[in-house]
Amino acid sequence: MDYHALPRCLYTWPEVAWVGLTEEQAEAQGLEVAIGRAPLSINPYAIILGETSGMVKVVADRRYGKILGVHMMMPGAADLISTAAVAMLSEATVRELQRLVPPHPSVGEALVDAAMDVEKRSLHLPKVQ
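Our subject in this report is the structure included herewith. (Residues numbered from 1 in each chain as written. Predicted model: local features only at pLDDT ≥ 70, side-chain atom pairs only at ≥ 80, totals over all residues. Heavy atoms only, no water.)

Spatially, five strands are ordered 1-2-5-4-3 in an open sheet, and the strand pairing comes out antiparallel. A strand with exactly one partner marks an edge of an open sheet, and here the two such strands are strand 1 (8–10) and strand 3 (33–39). Mean inter-strand twist for the sheet, computed between neighbouring axes without regard to direction, equals 10°. Relative to strand 2 (residues 16–20), strand 1 runs antiparallel, the two being bridged by three bridges. Bridging across to strand 2, Cys9 finds its partner in Ala17. Helix 3 (residues 77–89) rests against strand 1, strand 2 and strand 5 (67–73) of the sheet, and its axis sits at about 10° to strand 2. (Pairing = 2+ DSSP bridges. Helix = DSSP H or I, 4+ residues; strand = E, 2+ residues; numbered from the N terminus. Axes fitted to C-alpha atoms, helices over the stretch in contact; angles between N-to-C directions. Contact = heavy atoms within 4.5 Å.)

Following this line, the structure appears as structure tokens:
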């Protein structure tokens with residue numbers, strides 16, 4: 001049993017789910033982290049549902065891109081967090097998570113957007129100079 005990749009969830013509205021380390025926990029362990037965020041307000045399916053409150057956050061190792069944690073607050077988070085847990089168990093990097101092609105439209109696209117934002121490569125977020 002790998003407790004590091006044990007998904008947890010709260011059945012609130014919107015749902016909250018997480019796996020792995022928080023940004024603060026990773027930094028406390030001396031890890032240099034990179035963060036990617038995707039607000040649900042840019043997700044096409046969330047817009048269709050009229051449920052645009054929420055986000056996905058990916059915590060990754062800055063040097064190698066190893067996924068250290070994923071945090072979600074959105075409809076379907078309790079189901080989607082398993083995808084992040086499998087990625088962590090497989091020792092996937094954010095680059096590998098970026099290659100995931102979820103159904104379109106779906107809230108799952110927010111996970112890929114957050115992974116892309118770790119490297120500031122998101123197609124849907126404004127570029128910050």
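Back to the text.
Attention shifts here to the environment of Pro7. Relative to the helices and strands, Pro7 resides in the segment before strand 1. On a C-alpha basis, the gap between Pro7 and His71 in space is 9.8 Å, while along the polypeptide they are 64 residues apart. Beyond its immediate stretch of four places on either side in the chain, Pro7 contacts Trp18, Val19, Ile81 and Ala85.

Our next topic: helix 5 (residues 109–118). Counting along an α-helix, one turn takes 3.6 residues, and residues three or four places apart therefore face a common direction. With 10 of 10 residues buried, helix 5 lies mostly within the body of the structure. Within helix 5 the residues assigned to the buried category are Glu109, Ala110, Leu111, Val112, Asp113, Ala114, Ala115, Met116, Asp117 and Val118. In the core, the buried residues of helix 5 are packed alongside strand 3, helix 2 (44–49), strand 4 (55–61), strand 5, helix 3 and helix 4 (94–98). Immediately beyond the C-terminal end of helix 5, within one or two residues, lies Lys120, with a positive phi of roughly 55°. (Buried < 20%, exposed > 50% of the residue type's maximum accessible area, 1.4 Å probe, protein only.)

This next bit is on the pattern of salt bridges. By the definition in use, this model includes six salt bridges. One salt bridge connects Arg95 with Glu119, and the closest N-O pair in it is separated by 2.7 Å. Separated by 24 residues along the polypeptide, Arg95 in helix 4 and Glu119 in the segment after helix 5 bring together distant segments of the chain. Taking the relative accessible area as the measure of exposure, Arg95 reaches 47% and is therefore partly exposed. Overlapping salt bridges, with partners in common, bring together Glu23, Arg37 and Lys57 in one network. (Salt bridge = Lys/Arg side-chain N within 4 Å of Asp/Glu carboxyl O.)

Right, let's get into a nonpolar patch on the surface. A cluster of nonpolar side chains, contributed by Tyr45, Ile48 and Leu49, occupies part of the molecular surface with about 280 Å² of accessible area. If you trace the backbone, Leu49 turns up in helix 2. (Patch = residues over 30% accessible without salt bridge, like charges linked within 9 Å, V, L, I, M, F, W, Y side chains within 5 Å. Areas by Shrake-Rupley, 256 points an atom, 1.4 Å probe, with all protein chains shown as cover.)

Bear in mind that shape data such as this cannot, by itself, settle questions of function.
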